[in-house]
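Single-letter residue listing:
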Amino acid sequence: MTTLVTGGAGFIGSNFIPYFLDKNPNTTVINLDKLTYAGDLNNLDEVSQTNRYRFVQGDICNQTLIDSIFTTHKIDSVIHFAAESHVDKSISNPDSFIKTNIEGTYTLLEAARKHWGENNQSNRFHHISTDEVYGSLGDSGFFNEKTPYAPNSPYSASKAASDFLVRSYYHTFKLNTITTNCSNNYGPKQHDEKLIPTIIRTALQGSTIPIYGKGTNVRDWLYVLDHCKGIDTVFKKGRPGETYLIGGNNESTNLSIAEKICSILDELLPKAKGSYKDQIAFVEDRKGHDHRYAIDASKIGQELHWRAVESFDTGLQKTIKWYLSKYKKNTV
Ligand SMILES: Cc1cn([C@H]2C[C@H](O)[C@@H](COP(=O)(O)OP(=O)(O)O[C@H]3O[C@H](CO)[C@@H](O)[C@H](O)[C@H]3O)O2)c(=O)[nH]c1=O
């Protein structure tokens, strides 16, 4: 088996590839990544010498390149992570989100159709997506696989469009597609721009820990390795054409995460005076900021027996320790 993993140098992809190679000893992974600002090959050091792993630098929008990868490596399946993922960037500059997330997904689907043929149920195309396609929840309720799409940001609209393209290739061409929509991931290797690395970094720098608005927005936090296990499970056992939501069953406001991380840092690396919490500051809110995301993960639980197992406390401890060692090597 040869699996094309797109975006494997990104946060979730670079956690997934070592896990996937380990769990699937007969599989070779071709990692196609453009190496934008968000990709980092250092995060794949542990597999770089493995003969079941190859790296190709390139853009998923490049049809000629994708065709040649399918031919040269005899690709049997695709797990498609590559995406522009940062909501704030999609607000300031949506262009690359439309290109990579929509055109890139289309290019991969077309290559799969061309190389695998229509009505092909053996070669799987697994699309990795987000719960943000469902829009914003109030203080109660959960997203499930039947929730109507209501994307609010250019990022989530581009991911919604890619989900619909994947869906259409299943219905029209009977490509063996599957989509997973996950909640907020956290853990080692995440880019500095996201909330949890931002809190850790700014705390250690002694600067303002920026919390948008009043800090009352809620996200459902999923430890990245739980997510990787969920993807592997759905990839192998999920039903063709289906969507599975993957969540952490772990809701938290942004402010309480900042406070939690500050308390952990107060213990691990006490300041000469006061607490890291003193650095928390409320800053201008994100435009169109979704209030709450929360996932009902009972479909994947009941059908495929997956559930998130990492507790937020242990997950945060591991994450903070990883960043402490990263920042010890570079200047914070
Ligand atoms: C960077 C930053 C973020 N925030 C807030 C905005 C959000 O309510 C929350 C999390 O922000 P972010 O880390 O940017 O993640 P969010 O916008 O929820 O989106 C993430 O989670 C999504 C899944 O729900 C993924 O599809 C996205 O690719 C991923 O970026 O923290 C702050 O209050 N301060 C900050 O400095």
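Details of the structure are given in the entry above.
Thresholds, definitions, all that
- Residues numbered from 1 in each chain as written.
- Predicted model: local features only at pLDDT ≥ 70, side-chain atom pairs only at ≥ 80, totals over all residues.
- Helix = DSSP H or I, 4+ residues; strand = E, 2+ residues; numbered from the N terminus.
- Buried ≥ 20, exposed ≤ 12 C-beta atoms within 10 Å, placed from the backbone.
- Contact = placed C-beta atoms within 7 Å.
- Pairing = 2+ DSSP bridges.
- Near = placed C-beta within 6 Å.
- Nonpolar A, V, L, I, M, F, W, Y, C, P; charged D, E, K, R; others polar.
- Domains from an automatic or database assignment.
- Expected span 1.5 Å × (residues − 1).
- Axes fitted to C-alpha atoms, helices over the stretch in contact; angles between N-to-C directions.
- Parallel < 35°, antiparallel > 145°, perpendicular 65-115°, else oblique.
- Left-handed = near helix turned anticlockwise from the far one by under 90°.

Draft legend 1. Region of interest: the overall build of the protein. In terms of helices and strands, the protein carries ten helices and twelve strands. Reported as C-alpha extents along the three principal axes, the dimensions of the protein are approximately 65 × 45 × 40 Å. For the protein, the proportion of its 332 residues judged to be buried stands at 45%. Counting only contacts in the protein whose residues sit at least 6 apart along the sequence, the fraction spanning at least 24 positions is 82%.

Draft legend 2. Examining helix H6 (residues 195-205) more closely. Of all the positions in H6, only Leu195, Ile196, Pro197, Ile199, Ile200, Thr202 and Ala203 are classed as buried. Of the residues trailing H6, glycine 206 is marked for its positive phi of about 75°.

Draft legend 3. Spatial organisation of the pairing of strand S9 (residues 218-223). Here S9 lies mainly inside the structure; five of its six residues are buried. Here three bridges tie strand S7 (residues 184-186) to S9, and the two strands are oriented parallel to one another. Along S9, the bridge assignment pairs asparagine 184 with tryptophan 221.

Draft legend 4. Just the site of the ligand, in detail. Around the ligand sit 19 residues in total, of which Ser85, Thr130, Lys194, Leu195 and Tyr212 are the nearest. The set of elements that each furnish at least two residues to the shell around the ligand consists of H6 and strand S8 (209-212). Element by element, the count of residues in the shell around the ligand is highest for S8, at three residues. For the shell around the ligand, the per-class residue count stands at six nonpolar, eight polar and five charged. Two domains share the shell around the ligand, each providing at least three of its residues, namely domain 1 (2-187 + 221-251 + 294-310) and domain 2 (195-216 + 252-291 + 314-324).

Draft legend 5. Structural detail: helix H8 (residues 254-268). Helix length check: H8, at 15 residues, gives a terminal C-alpha distance of 21 Å against a target of 21 Å (1.5 Å per residue), a fit within 8%. Looking only at H8, the buried set comprises Ile257, Ala258, Glu259, Ile261, Cys262 and Leu265.

Draft legend 6. Representation of the sheet that holds strand S5 (residues 124-130) within the structure. Pairing is parallel in the open sheet, where seven strands are placed in the order S3-S2-S1-S4-S5-S6-S10. Across the chains shown, the open sheet's two edge strands, defined by having one partner strand only, are strand S3 (53-57) and strand S10 (243-246). Strand-to-strand twist of the sheet, defined as the mean angle between neighbouring strand axes without regard to direction, takes the value 20°. In this sheet, S10 lies alongside strand S6 (residues 176-182) in parallel orientation, the contact comprising four bridges. Considered in S10, the bridge of threonine 179 is made with threonine 243. Its contacts with the sheet put helix H4 (residues 95-116) on strand S1 (2-6), strand S4 (77-80) and S5, and the angle it makes with S4 is roughly 170°.

Draft legend 7. Representation of the packing of H4 against helix H5 (residues 154-173). Running from N to C, H4 and H5 point in directions that differ by 15°, and their axes come no closer than 8 Å. It follows that H4 is roughly parallel to H5 by the angle criterion. Regarding H4 and H5, the two cross each other, and that crossing is right-handed. When H4 is examined against H5, the residues Phe97, Ile98, Asn101, Ile102, Thr105, Tyr106, Leu109 and Arg113 are found in contact with a partner set consisting of Pro154, Tyr155, Ser158, Lys159, Ala161, Ser162, Leu165, Val166, Tyr169 and Phe173.

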